[in-house]
Amino acid sequence: MIVILVFVCMQSMGQIKPQTKAHRKAGSTTPAVNGKDVYVQHCLACHQADGGGVPNMNPPLSNTSYVSGDKTRLIKVVLNGFSENVDIDGESYSNVMPAHDFLKDQEIAAVLTYIRKNFTNKASAISTAQVRTVRAANKK
Amino acid sequence: MKNRLFNSVIIFTVLSAIITLCALKQAGEVVPDADNAGLKLPAGFGALKVAETGAKARHLAVTPQGDIYVKLAKPKDGKGILVLHEAPNGKAELKASFGTYGGTEVYLKNGYLYASSNTEVYRYKVNDKNEVINPDTPEKIITGLKAGRQHETKSFVLDNDGNIYVNIGAWFNSCQEKDRGLHSPGIPGCPILDSMGGVWQFKADKLNQTYGDGVRYAMGLRNIVGLDWNQQDNQLFVMQHGRDNLNSSWPELYTTKQSAELPAECLYALKKGDNAGWPYMYYDQVQHKKIQAPEYGGDGKKEADVKFIDPAVAFPGHLAPNALLFYTGNQFPAKYKNGAFIAFHGSWNRAPEPQAGYFVVFQPFKNGRPDGDWEIFADGFSGSPEKTAAGRADHRPCGLAQGADGSLYVTDDSKGTIYRIIYNKK
């Protein structure tokens, strides 16, 4: 089951060698979805390897209530993207974040948990069930 | 014995005189900082930090009287334009500030200081010392220009025939249905091109002009921050900020490595009616071809329509050219005369590959055309190679200006340092 899940997931993420990856994952005891992998694939290009963002363009992921605060708001940022004209800690960021609703619930949970526990953040994990609930309400 | 004492007194007096003379000479001359302001420059050049503004210093204009107008991205203490005044040794102090709006461009020509917000262009009459006469009551010459959250700045330049050329950047990366989205296709016909994604020409002396009063001079230009008028062949040159996200939007077509290097940051020589092809194409400096954009049917190989113009020079991707200046001074060695300096603000969309840029480049020109390879002229703004690679630069070059004596001024919109580069080998 895990093998199939990972296989499908990797395919949807456009990996070139899904089979090799699936075999390696299946043989290890790590969770089906690795939050860091999702971060590298879908977030790093803008928010950078250190999570520090880009001045005036892409906001940093540390020391901000957007990441460590309300989980629902954070999950919605990933699902719907973000292009509001707001200052974050006194700075404005001009770049558009596209919607990432193509990510699966467990991928969003994994990547947000990764972000909330890295880049000097010490916030609680986000579960797949929480993402599922927010996505269902988001569709209404 | 007496003779020896006499000799010593003479030597001491002469030495004192020499030291005093040297000190006097230095006080009246621009002296580079001991570390050349942290910059790496070609032999014979030196640099000094003119001022630390602590503000987002975008573009600047320098007067022969030693005033420096600095346009700030965001107003500091409620003012968007700083006026610095230089002491004879080159160090400057804040003299005044005015203008309540943020923006990028400031330009001095024909008795007026021109400055832009992200939607308007203003002008201020200056006196015979190039001082703004009425800082609180500028004339609004252009108004109502569109501005999105990205590519919102309005850089401009004037020609010698009373026209002003204004960049109106596109508020998209590549005119996708979902901006920067995964596999999101291009909007058919990209309708925003009627009012952005190009250079508009207006009159430099007519008040309250808007789109209907201007001419779309050139189109298909995603965003321009650096532009200048070439006096040798009387033509507009612009540096386009090329598109981003080739890998993150089209991972099947572009590796992260290809996406870091592509597309080229292009220098274009523009004539009225030119179309540089955004969003339908980008220039691939590795294949030396105009390539169809993936949002509009491209696959990384299909060539674009030949009607789109070719760049004059293609630089590596994502370096973010924020200023272009044709050097017309006489201070620098002859090879620099009429060539182009380009300030590269530095990349972000090269991650996970190392970031690059944060330097000033020199592109040689001959008879108004690029001639020979570009070279890095001033480097070291970032602080270290590691800071460059991580994209964590201390200083980011953003504006260029030429002083009356031929010095090259550089702004930094990260910490607000104003640099001056001089040639000190005689």
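A quick note: this is a predicted structure, and the numbers were derived from the prediction, not measured.

Caption draft 1: Quick peek at the confidence of the model for chain B. Residues and elements named next belong to chain B. Predicted confidence across chain B gives a mean pLDDT of 94, with 93% of residues reaching 70 or more. Per-residue pLDDT stays below 50 along residues 17-27; that stretch engages in 3 contacts with residues further than four places along the chain or on separate chains. The complex model carries a pTM of 0.89, and its ipTM stands at 0.83.

Caption draft 2: Up close: the environment of Ala170 of chain B. Residues and elements named next belong to chain B. Within the fold, Ala170 resides in the loop between strand S11 (163-168) and strand S12 (198-203). On the basis of neighbour count, Ala170 is assigned to the buried category, with 25 C-beta atoms found within 10 Å. Ala170 sits 59 residues away from Trp229 along the chain, and the two C-alpha atoms are 22 Å apart. Residues contacting Ala170, with those up to four places away along its chain left out, are His151, Cys175, Ile192, Met196, Gly197, Arg222, Asn223 and Trp278.

Caption draft 3: Spatial organisation of the pairing of strand S27 (residues 397-402) of chain B. All names here are of chain B. Across the 6 residues that make up S27, a large majority, 5, are buried. Examined bridge by bridge, S27 and strand S28 (residues 408-412) share 4 bridges and lie antiparallel to one another. The residue of S28 that forms the bridge with Pro397 is Asp412.

Caption draft 4: Local environment of the sheet that holds strand S6 (residues 106-109) of chain B. Residues and elements named next belong to chain B. Read from one edge of the open sheet, 4 strands run S6-S7-S8-S9, paired in antiparallel fashion. Looking at strand neighbours, the two that pair on one side only are S6 and strand S9 (139-142), the edges of this open sheet. Neighbour-to-neighbour, the strand axes of this sheet turn through a mean angle of 30°, independent of strand direction. Sheet topology places strand S8 (residues 121-125) next to S9; 3 bridges connect them, and they run antiparallel. By the bridge assignment, Tyr122 is partnered in S9 with Lys140.

Caption draft 5: Highlighting the sheet that holds S28 of chain B. All names here are of chain B. With antiparallel pairing, the 4 strands of this open sheet are ordered in space as S1-S29-S28-S27. In the strand order of this sheet, the two ends are held by strand S1 (45-52) and S27, each with one partner. On average, each strand axis in the sheet is inclined to that of its neighbour by 25°, with strand direction left out of account. Here S1 pairs with strand S29 (residues 417-423) via 7 bridges, running antiparallel.

Caption draft 6: Geometry of helix H6 (residues 71-80) of chain A. All names here are of chain A. Those residues of H6 that sit buried are Leu74, Ile75 and Val78. One face of H6 carries all of its buried residues, which in axial projection span an arc of 95°. Turning to H6, the residues buried within the fold contact helix H5 (65-68), helix H7 (105-116) and helix H8 (128-139). One or two residues past the end of H6 sits Gly81, with phi positive at roughly 80°.

Caption draft 7: Structural view of the packing of H6 of chain A against H8 of chain A. All names here are of chain A. Direction vectors running N to C along H6 and H8 enclose 65°, while the axes themselves pass 10 Å from each other. Of the possible angle classes, the one that applies to H6 and H8 is roughly perpendicular. Along this stretch, H6 crosses H8, giving a crossing that reads as right-handed. Contacts between H6 and H8 involve Lys71, Thr72, Ile75, Lys76, Leu79 and Asn80 from the former and Gln130, Val131, Val134, Arg135 and Asn138 from the latter.

Scoring rules and cut-offs
- Residues numbered from 1 in each chain as written.
- Chains lettered and ligands numbered in written order.
- Predicted model: local features only at pLDDT ≥ 70, side-chain atom pairs only at ≥ 80, totals over all residues.
- pLDDT = per-residue confidence, 0-100.
- Contact = placed C-beta atoms within 7 Å.
- Helix = DSSP H or I, 4+ residues; strand = E, 2+ residues; numbered from the N terminus.
- Buried ≥ 20, exposed ≤ 12 C-beta atoms within 10 Å, placed from the backbone.
- Pairing = 2+ DSSP bridges.
- Axes fitted to C-alpha atoms, helices over the stretch in contact; angles between N-to-C directions.
- Arc of directions from axis to C-beta.
- Parallel < 35°, antiparallel > 145°, perpendicular 65-115°, else oblique.
- Left-handed = near helix turned anticlockwise from the far one by under 90°.

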